[in-house]
Structure formats: C-alpha cells, structure tokens
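Listed here are the chains, written in short residue letters.
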Amino acid sequence: MKISQGLGIAGLAVASCLSVGAFNPTTAATFDSAEVKGDNFIAVAAPYGENKHQLLIIEQLSNRRPCWSENGSNPVSVDPLLLNFDFTGICGRSTDSNGYSLRMSGEDLGLEYILRIVERNGDLVLVGTPRINRSAPEIEIGSTQGMSNGFAKIILNPGWRFTRRTYQGKSLGHIYLTTDSPAPVASELNTTPRPLPTSQPALSSPPPPLSVPPERELIFTRPGDDSTAPSVEVPSPPIPSSPSTPERQIPVFTVPTQ
C-alpha cells in the first residue's frame with residue numbers, strides 16, 4: 001500500500017507540472033487572491049524517500065466522492081482517497097511550487113520563499129525558507145503536532161488560511177497559504193566599509209637605478225660618398241689633464257767662432 005501511494009504521489013507531481021505550468025516571474029506582480037471555503041482544502045505531509053515528507057494540498061471540488069479521510073489526533077492520519085479513482089473534476093491537488101506558494105500581507109512571495117516540511121522537536125513543521133536572501137528568517141506556517149511515517153494533516157497556525165490565486169479577476173488553480181501579517185524583515189548585513197587610517201605609512205622609495213655609461217654611437221662614411229649622414233653628436237671621452245709641471249730649462253751653449 002505504501003509503495004502504491006508513493007507512486008501515486010509521484011504521478012500527482014508530474015500531472016501538476018503539466019497542468020499548472022511553470023511560474024512566470026514577470027507576471028507575479030499582477031496576481032491577486034480570492035477567499036475560499038477552508039473546509040474544502042487540506043494541507044498534508046506526504047511521505048517520500050527516506051522518512052522525508054513534502055507538502056501536498058488537496059481540494060474537494062465536488063461532492064461526488066470524498067478526496068480524503070482523517071483519523072486520530074496528534075498527528076491526524078490522512079488517507080488520500082483520490083489515489084484510488086479518477087479524480088478529474090472531483091479533486092484538485094497541488095504537489096510543488098507550481099501549484100502553491102506563500103502570500104503575506106497581499107504580496108506574492110513565491111519567488112522569495114520555498115515551502116518545505118522539516119522534522120523539528122518531534123514534529124513535522126511546514127516552513128517557508130528564503131530562496132535567495134539567506135539572512136531572512138524562516139516562516140513557520142503549521143505543523144502535524146506529532147511525528148508520522150505516513151500521510152499526516154498539517155494544522156495551520158492561527159492567522160493562516162487558504163486562498164486562490166486570481167489574474168485579472170479569473171480564478172486559477174494555484175493555491176496560496178495566506179496571512180495578513182507582513183513578511184519578516186531580514187537582518188541587515190554589516191556592509192559599512194572600514195575607515196581608512198588617518199596617516200598611511202610612507203611607501204619605501206625604489207632603489208636608485210644603476211649608473212650605466214651611455215653607449216657611444218659611431219658613424220662611418222665611405223670616402224667619396226656624397227650622401228650626407230645625419231648629424232649626430234658623439235660624445236668623446238674626456239682626456240685627463242696631466243698635472244702641471246715646471247718646464248725644464250735647457251741650457252744653450254754658444255760656441256765662439258774664429
């Protein structure tokens with residue numbers, strides 16, 4: 001029975017994606033909501049994988065056949081009867097973010113929060129987890145009020161209710177978990193830049209370049225070449241001057257002639 005129910009939930013997820021379609025963020029601002037009869041809806045913690053649960057919302061569309069049944073308390077066990085018959089036109093189901101999202105104070109938060117079921121303190125808790133802004137707190141929406149390995153009813157916290165998404169006055173299949181309270185404000189991150197020190201240490205001056213003697217450029221001109229070479233001054237090395245010495249006096253002898 002558990003295997004067949006798991007396969008049934010997987011089929012519901014695929015059908016929900018095909019019927020509802022992908023969420024288009026460009027039209028999110030135009031969505032409104034309409035009130036619904038809360039008794040026609042139930043939020044369920046549906047098992048999958050290794051003792052994990054995901055959110056399943058079931059809607060009773062007509063009275064031809066019941067879509068689910070409830071039994072017990074703390075937690076309330078749910079039998080998803082719609083898995084046993086063709087529920088087209090009788091039951092509605094939403095299995096992922098294509099079919100449900102969060103709405104707070106008239107604002108569609110489908111892009112900002114994802115709905116998850118987490119195990120916490122011996123309970124299965126339905127929370128809204130921030131998608132992008134990790135500094136924003138989680139939003140607790142309801143819980144099963146007890147642990148369960150099967151399908152369990154999620155009892156919404158006070159102030160929360162089901163509403164339906166509308167677009168230009170037309171009702172859509174998308175379901176909101178709605179409250180009139182505003183979304184929590186994310187804690188501000190410390191983005192103030194650190195002030196620069198008042199006095200910065202002087203940068204060490206680069207070492208002086210090594211003294212390299214200028215290269216001498218020699219230009220040779222062939223004899224008889226009429227072409228004029230460019231005038232380039234070629235530095236000549238200085239000729240060291242010899243120290244000044246007194247001029248030697250050479251004596252002159254005059255020989256008398258006879």
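Quick caveat, the model's predicted, so the values are computed rather than measured. (Residues numbered from 1 in each chain as written. Predicted model: local features only at pLDDT ≥ 70, side-chain atom pairs only at ≥ 80, totals over all residues. Heavy atoms only, no water.)

Caption draft 1: Inspection of the pattern of salt bridges at higher detail. Summed over the entire model, instances satisfying the criterion amount to seven salt bridges. The salt bridge involving arginine 161 is made with glutamate 35; its shortest N-O contact spans 3.0 Å. Taken as a pair, arginine 161 in strand E14 (residues 161-167) and glutamate 35 in strand E1 (residues 31-35) lie far apart in primary sequence, 126 residues in all. Among the ionic pairs, arginine 161 bridges to aspartate 180, the shortest N-O distance being 3.3 Å. Here arginine 161, found in strand E14, pairs with aspartate 180, found in the segment after strand E15 (170-179); they are 19 residues apart in sequence, far enough to count as distant. Look at arginine 161 and you get partly exposed, because its relative accessible area is 26%. (Salt bridge = Lys/Arg side-chain N within 4 Å of Asp/Glu carboxyl O. Helix = DSSP H or I, 4+ residues; strand = E, 2+ residues; numbered from the N terminus. Buried < 20%, exposed > 50% of the residue type's maximum accessible area, 1.4 Å probe, protein only.)

Caption draft 2: Local environment of the sheet that holds strand E9 (residues 113-119). Spatial strand order, E9-E10-E11-E13: four strands in an open sheet with antiparallel pairing. Every interior strand has two partners, whereas the edge strands, E9 and strand E13 (155-156), have only one. Sheet analysis places strand E11 (residues 139-143) next to E13, joined by two bridges and oriented antiparallel. Within E13, the position partnered with glycine 142 by the bridge is leucine 156. (Pairing = 2+ DSSP bridges.)

Caption draft 3: Structural detail: the nonpolar core. Counting 23 residues, the largest nonpolar core has Leu55, Leu102, Ile141 and Leu177 as its most contacted members. Of all the secondary structure elements, the ones that give two or more residues to this core are strand E2 (41-48), strand E3 (52-60), strand E7 (100-104), E9, strand E10 (124-130), E11 and E15. Val78, Leu81, Phe87 and Ile90 belong to the second-largest nonpolar core, a separate cluster that totals 15 residues. (Core = buried A, V, L, I, M, F, W, Y, C linked by side-chain atoms within 4.5 Å.)

Caption draft 4: The packing of aromatic side chains, seen in detail. Enumeration according to the criterion identifies two aromatic pairs in this entry. A centroid spacing of 6.0 Å and a plane angle of 70 degrees characterise the contact between phenylalanine 31 and tyrosine 167, whose relative ring orientation is edge-to-face. Of this pair, phenylalanine 31 sits in strand E1 while tyrosine 167 sits in strand E14, and the two are 136 residues apart along the sequence. Accessibility expressed as a relative area gives 11% for phenylalanine 31, which makes it buried. Between phenylalanine 41 and phenylalanine 162, the ring centres sit 5.4 Å apart and the planes meet at 20 degrees, which makes this aromatic pair stacked. One end of the pair, phenylalanine 41, is in strand E2; the other, phenylalanine 162, is in strand E14, with 121 residues separating them in the sequence. There is no split in this pair, since phenylalanine 41 and phenylalanine 162 are both buried. (Phe/Tyr/Trp six-rings, centres within 6.5 Å; stacked < 30°, edge-to-face > 60°.)

Caption draft 5: Layout of the state of the cysteines. Following the criterion strictly, the structure yields one disulfide and no others. The disulfide partner of cysteine 67 is cysteine 91, and the gap between their sulfur atoms is 1.9 Å. The chirality of the disulfide connecting cysteine 67 with cysteine 91 is left-handed, given an S-S dihedral of about -95 degrees. One end of the pair, cysteine 67, is in the loop between E3 and strand E4 (69-71); the other, cysteine 91, is in strand E6 (residues 91-94), with 24 residues separating them in the sequence. One exposure class covers both cysteine 67 and cysteine 91, and it is buried. (Disulfide = S-S within 2.5 Å.)

Caption draft 6: Geometry of the sheet that holds E14. Taking strand neighbours across the sheet as the criterion, the five strands line up as E1-E14-E15-E7-E8 in an open arrangement whose pairing is mixed. Bordering the open sheet on either side are E1 and strand E8 (107-108), each of which pairs with just one other strand.

Caption draft 7: Seen up close, the environment of leucine 111. In this structure, leucine 111 sits in the loop between E8 and E9. The spatial distance from the C-alpha of leucine 111 to the C-alpha of arginine 131 is 7.3 Å, given a sequence separation of 20 residues.

Caption draft 8: Fine view of the environment of alanine 46. Within the secondary structure, alanine 46 sits in strand E2. For alanine 46, a relative accessible area of 0% puts it in the buried group. Through-space distance from the C-alpha of alanine 46 to that of isoleucine 117 is 9.3 Å; in sequence the pair is 71 residues apart.

Caption draft 9: Focus on the side chain of serine 62. Mapped onto the fold, serine 62 is located in the loop between E3 and E4. When sequence neighbours within four positions are dropped, the list of residues in contact with serine 62 reads Gly89 and Ile90. (Contact = heavy atoms within 4.5 Å.)

Caption draft 10: Summary view of the side chain of threonine 129. You can see threonine 129 is positioned in strand E10. What makes threonine 129 buried here is its relative accessible area of 13%. In terms of polar contacts, threonine 129 uses its side chain to reach the side chain of arginine 116, at 3.0 Å. A polar atom in the side chain of threonine 129 sits 3.1 Å from the side chain of glutamate 138. (Polar contact = N/O pair within 3.5 Å; in protein donor to acceptor, adjacent residues only side chain to side chain.)

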